[in-house]
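Chain by chain, the residues:
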Amino acid sequence: TISQLINDGIRYINLGELNLAEKCFTAIFQQNDQHPDSHHLLAIVYLQKNDCLKQAEHHLDIALTLSPGNKIFLNTLGSLYSKTNRLNEAKQSFQKALEAQPDYTDALYNLGHVEYISRNYLDALEIFQTLLTNTPDHSNALNNLGLVYMALRRPKKAESYFQLAL
């Protein structure tokens, strides 16, 4: 069944068995090629394979056509754009995901990270602070906030966030 193939595919992703995961998700298309979650999960497989980024984008486009505005799909698309150094497109995707759910932790973190690597430190600061208001123990956000404070030449403040991240 489709749900069993999805569960198996997710298990294979978690085990790092990407070729087996790919087979599960492509098998679903024989039953239903309009299954948005299968396209999204296959895109995740291709995103993790690194040399299949065009296929990842293709399946994300299909997933978003079938399920427009899906925050999880938009977040994954933003991650793909970020990975391919298309930072403005990444920001737009993360912002669209946040329009669907303003406190969506993954999209907030990813948007903050893109703002940081784009050297928009004050924007990154605000985003990570917002994320930490909702999820105060998010160690990656705490660490990145420390990096932001280092970039802003506030080493003592940075050190306090690095300590909290541990």
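Residues numbered from 1 in each chain as written. Predicted model: local features only at pLDDT ≥ 70, side-chain atom pairs only at ≥ 80, totals over all residues. Heavy atoms only, no water.

On to the overall build of the protein chain, then. For the protein chain, the count of helices and strands is 10 helices and zero strands. Going residue by residue from the N terminus, the α and β elements of the protein chain occur as α-α-α-α-α-α-α-α-α-α. If one aligns the C-alpha atoms of the protein chain with their principal axes, the spans along those axes are about 55 × 30 × 30 Å. Counting every position in the protein chain, which comprises 166 residues, the buried fraction comes to 45%. The contacts in the protein chain between residues at least 6 apart in sequence include a share of 40% that link residues at least 24 apart. (Helix = DSSP H or I, 4+ residues; strand = E, 2+ residues; numbered from the N terminus. Buried < 20%, exposed > 50% of the residue type's maximum accessible area, 1.4 Å probe, protein only. Contact = heavy atoms within 4.5 Å.)

With that settled, the discussion passes to the packing of aromatic side chains. What the rule picks out here adds up to three aromatic pairs. Taking 5.9 Å as the distance between ring centres and 50° as the angle between the ring planes, the aromatic pair formed by Y109 and F128 counts as tilted. With Y109 in helix α7 (residues 105-117) and F128 in helix α8 (residues 121-134), the pair connects residues that are 19 residues apart, well separated along the chain. On the accessibility criterion, Y109 (17% relative accessible area) is buried. A cation over a ring is seen here: R11 above Y12, with NZ or CZ 4.9 Å from the ring centre. Directly above the ring of Y104 sits K71, whose terminal nitrogen or CZ lies 5.1 Å from the centroid. (Phe/Tyr/Trp six-rings, centres within 6.5 Å; stacked < 30°, edge-to-face > 60°. Lys NZ or Arg CZ within 6 Å of the ring centre and 35° of its normal.)

Glancing now at α8. Taking 1.5 Å of rise per residue, 14 residues should cover 20 Å, and α8 covers 20 Å from first to last C-alpha, within 8% of that figure. Within α8 the residues assigned to the buried category are A124, L125, I127, F128, L131 and L132. Tucked inside the fold, the buried residues of α8 contact α7 and α9 (139-151). (Expected span 1.5 Å × (residues − 1).)

This part is about the packing of α7 against α8. Contact geometry of α7 with α8 gives a least axis separation of 8 Å together with a crossing angle of 160°. Of the possible angle classes, the one that applies to α7 and α8 is roughly antiparallel. Every pair of crossing elements has a handedness; the one defined by α7 and α8 is left-handed. Where α7 abuts α8, its residues T105, L108, Y109, L111, G112, H113, E115 and Y116 lie against Y121, D123, A124, I127, F128, T130, L131 and N134. (Axes fitted to C-alpha atoms, helices over the stretch in contact; angles between N-to-C directions. Parallel < 35°, antiparallel > 145°, perpendicular 65-115°, else oblique. Left-handed = near helix turned anticlockwise from the far one by under 90°.)

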